[in-house]
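Chain residues, written in single-letter form:
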Amino acid sequence: MDRLRPRAKKVFTGFTKAEFDVNWYDVDVLLAHRWLSSGESEVRVRYVGFGSEEDEWINIKKAIRERSVPIEHSECHMVKVGDLVLCFQERRDRASYYDAHVVYIQRRMHDIRGCRCVFLVRYDHDDTEERVLLRRLCRRPTY
């Protein structure tokens, strides 16, 4: 039998990968926590901009992480081939953030506008590749 501890917390500022697709969404509230008989831990979340009918149980280990932060122009030199980033992808029917890996970097001289480098990323969810500028990339926070 699963053990459930109800609570509503607004202290978590992070992303969760929804069960209904491969996007990362902002978490508004952690509603409850439970331990499954398998030993796994889950939390019930409410997403920013969604109602209670969209609340769902999310595996903590697999689908929750801290909010990613935009990469600053002065930090572009820290991005390396192979790095996992969160990349903003725009399509005709959807625009969202997805996990991606940096495949290639075309380093360019920075100017008054900031970083002009071009990053080739491969999205994890569909293996497509796209050339993007730094402003579309985010990273996990470091402490």
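Residues numbered from 1 in each chain as written. Predicted model: local features only at pLDDT ≥ 70, side-chain atom pairs only at ≥ 80, totals over all residues. Heavy atoms only, no water.

1. Quick word on the pairing of strand β11 (residues 129-133)
Then comes step 1: Residues of β11 alternate between two faces, with Glu130 and Val132 buried on one and Glu129, Arg131 and Leu133 left unburied on the opposite face.
Then comes step 2: Pairing of strand β10 (residues 118-123) with β11 involves five bridges; the strand directions are antiparallel. Residue Val118 lies in a different strand from β11, and its bridge partner there is Leu133.
Then comes step 3: The hairpin turn running from β10 into β11, its antiparallel successor, is five residues long, and Asp127 in that turn takes a positive phi close to 60°. (Buried < 20%, exposed > 50% of the residue type's maximum accessible area, 1.4 Å probe, protein only. Helix = DSSP H or I, 4+ residues; strand = E, 2+ residues; numbered from the N terminus. Pairing = 2+ DSSP bridges.)

2. A word on the environment of Val118
Then comes step 1: Within the secondary structure, Val118 is located in strand β10.
Then comes step 2: Residue classification places Val118 among the buried positions, given a relative accessible area of 11%.
Then comes step 3: For the pair Val118 and Arg131, spaced 13 residues apart in sequence, the C-alpha separation works out to 6.3 Å.
Then comes step 4: Apart from the residues lying within four places of it in its own chain, the contact partners of Val118 are Tyr104, Ile105, Gln106, Arg108, Arg131, Val132 and Leu133. (Contact = heavy atoms within 4.5 Å.)

3. Here's the deal with the packing of aromatic side chains
Then comes step 1: One pass over the structure, following the stated rule, counts five aromatic pairs.
Then comes step 2: With a centroid separation of 6.4 Å and an interplanar angle of 80°, the aromatic rings of Tyr98 and Tyr123 are classed as edge-to-face. Of the two residues, Tyr98 is situated in strand β9 (residues 95-106) and Tyr123 in strand β10; the sequence distance between them amounts to 25 residues. Across the pair, Tyr123 and Tyr98 agree in class, each one buried.
Then comes step 3: Ring pairing ties together the aromatic residues Tyr25, Tyr47 and Phe50, which thus form one cluster. (Phe/Tyr/Trp six-rings, centres within 6.5 Å; stacked < 30°, edge-to-face > 60°.)

4. A short note on the nonpolar core
Then comes step 1: Grouped together as the largest cluster of nonpolar side chains are 17 residues, with contacts concentrated most on Cys87, Phe119, Val121, Tyr123, Val132, Leu134 and Leu137.
Then comes step 2: Elements represented by at least two residues in this core include exactly β8 (84-90), β9 and β10.
Then comes step 3: Those residues in contact with Cys87 that sit more than four places away from it in its chain are Ser96, Tyr97, Tyr98, Ala100, Val121, Tyr123, Val132, Arg136 and Leu137.
Then comes step 4: Tyr25, Val43, Tyr47 and Ile58 belong to the second-largest nonpolar core, a separate cluster that totals nine residues. (Core = buried A, V, L, I, M, F, W, Y, C linked by side-chain atoms within 4.5 Å.)

5. Examining the side chain of Asn59
Then comes step 1: Take Asn59: it is sitting in strand β5 (residues 56-59).
Then comes step 2: Within the structure, the side chain of Asn59 is placed 2.9 Å from the backbone nitrogen of Lys61, a separation counted as a polar contact.
Then comes step 3: Excluding its chain neighbours within four sequence positions, the residues that come into contact with Asn59 are Glu40, Ser41, Glu42 and Ile64. (Polar contact = N/O pair within 3.5 Å; in protein donor to acceptor, adjacent residues only side chain to side chain.)

6. Structural notes on the sheet that holds β9
Then comes step 1: If you trace the six strands from one edge of the open sheet to the other, you get β7-β12-β8-β9-β10-β11, paired in antiparallel fashion. Looking at which strands have only one partner, the edges of the open sheet turn out to be β7 (69-70) and β11.
Then comes step 2: In this sheet, strand β12 (residues 137-139) lies alongside β8 in antiparallel orientation, the contact comprising two bridges. From the neighbouring strand, Cys87 faces β12, where its bridge partner is Leu137.

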